[in-house]
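# Structural characterization, general
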Amino acid sequence: MKPRIEIDDAGRRVVLTCDFNVMARDLNGALLALVLEKPERADHDFILDLRESYGDGSHDDVVRTAETFQACGAGKRAARTCFVSFDAGFVHWARTMDFCFANRTHHVFTTPEEAHAFLDRAQDESVASAAA
């Protein structure tokens, strides 16, 4: 199965939502396909809603994703990936990903609304910094 995907290229944001039967590797494949289709998305902000997915992802999947993002030119601007998860330990996995990706940080929230609010604030701060 594939995750539901919402793309806002103008707002530089992509949301992938897993339903009950979406595996983590399905999510990763969809994410890679989006970036390969349009390489500038490697610098978009992402929200990955994992609340209903199966945790079959591995370190190799993270490395492959980081390498693909790098090959697509990621790192030209600061970007964020927000995971939505009930797993209290996921914050450690997300923090480890910070070291795999150029100029991208990873954050964990318990609701999509929290993730969107965080990205809204971060994008507003980026615009304000660029204008100064």
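Turning next to the pairing of strand β5 (residues 104–109). Where strand β4 (residues 79–84) lies against β5, 6 bridges are found, and the strand directions are parallel. Note on β5: the bridge partner recorded for Val84 is Phe109. At this point the chain moves from β4, through helix α3 (residues 90–98), to the parallel β5, and the crossover so formed is right-handed.

Let's shift gears to the environment of Phe83. Here Phe83 is to be found in strand β4. A C-alpha to C-alpha distance of 17 Å links Phe83 and Val63, two positions 20 residues apart in sequence. Once residues within four sequence positions are removed from consideration, Phe83 is found in contact with Leu48, Leu50, Phe90, Ala94, Met97, His106, His107, Val108 and Phe109.

One pass over the full model with this rule turns up 10 salt bridges. Here Arg64 ties to Asp61 by a salt bridge, and the two come within 2.6 Å at their closest N and O atoms. Residue Arg64 and its partner Asp61 are located together in helix α2 (residues 59–71), separated by 3 residues, close to a single helical turn. Arg95 serves as the salt-bridge partner of Asp98, at 2.9 Å between the closest nitrogen and oxygen.

So, on to the packing of aromatic side chains. Taken as a whole, this structure holds 4 aromatic pairs when the rule is applied. Put simply, the rings of Phe46, Phe69 and Phe101 touch in pairs and so form one group of aromatic residues.

On to a nonpolar patch on the surface. Residues Phe20, Met23 and Tyr54 make up a contiguous nonpolar surface patch of roughly 300 Å² in combined accessible area. Relative to the assigned elements, Met23 resides in the loop between β2 (13–17) and α1 (24–37). Judged by relative accessible area, which is 30%, Met23 ranks as partly exposed.

Right, let's talk about the layout of surface pockets for a bit. In this structure, the largest pocket encloses a volume near 550 Å³. In terms of lining residues, the largest pocket is bounded by 29 residues, among which Ala24, Leu50, Phe83, Phe90 and Trp93 are the most central. Taken together, the residues that form the lining of the largest pocket break down as 15 nonpolar, 9 polar and 5 charged.

With that settled, consider the sheet that holds β5. With mixed pairing, the 5 strands of this open sheet are ordered in space as β1-β2-β3-β4-β5. A single partner strand is all that each edge strand has here, and the edge strands are β1 (4–8) and β5. On average, each strand axis in the sheet is tilted by 15 degrees relative to the strand beside it, whichever way the strands run. As defined by bridge partners, β2 adjoins strand β3 (residues 45–49) across 5 bridges and the pair is classed as parallel. Within β3, the residue paired with Thr17 across the bridge is Asp49. Relative to β2, α1 is tilted by about 155 degrees, and along the sheet it contacts β1, β2 and β3. Lying over the sheet, α3 contacts β4 and β5, oriented at roughly 170 degrees with respect to β5.

Cut-offs used in this document
- Residues numbered from 1 in each chain as written.
- Predicted model: local features only at pLDDT ≥ 70, side-chain atom pairs only at ≥ 80, totals over all residues.
- Heavy atoms only, no water.
- Pairing = 2+ DSSP bridges.
- Helix = DSSP H or I, 4+ residues; strand = E, 2+ residues; numbered from the N terminus.
- Right-handed = clockwise from strand over helix to strand, strands pointing away.
- Contact = heavy atoms within 4.5 Å.
- Salt bridge = Lys/Arg side-chain N within 4 Å of Asp/Glu carboxyl O.
- Phe/Tyr/Trp six-rings, centres within 6.5 Å; stacked < 30°, edge-to-face > 60°.
- Patch = residues over 30% accessible without salt bridge, like charges linked within 9 Å, V, L, I, M, F, W, Y side chains within 5 Å.
- Areas by Shrake-Rupley, 256 points an atom, 1.4 Å probe, with all protein chains shown as cover.
- Buried < 20%, exposed > 50% of the residue type's maximum accessible area, 1.4 Å probe, protein only.
- 1 Å grid on protein atoms, 1.4 Å probe; cavity = no way out; pocket = protein on both sides within 12 Å on 5 of 7 lines; lining within 4 Å.
- Points joined across faces, edges and corners; volume = space filled by probe spheres on them.
- Nonpolar A, V, L, I, M, F, W, Y, C, P; charged D, E, K, R; others polar.
- Axes fitted to C-alpha atoms, helices over the stretch in contact; angles between N-to-C directions.

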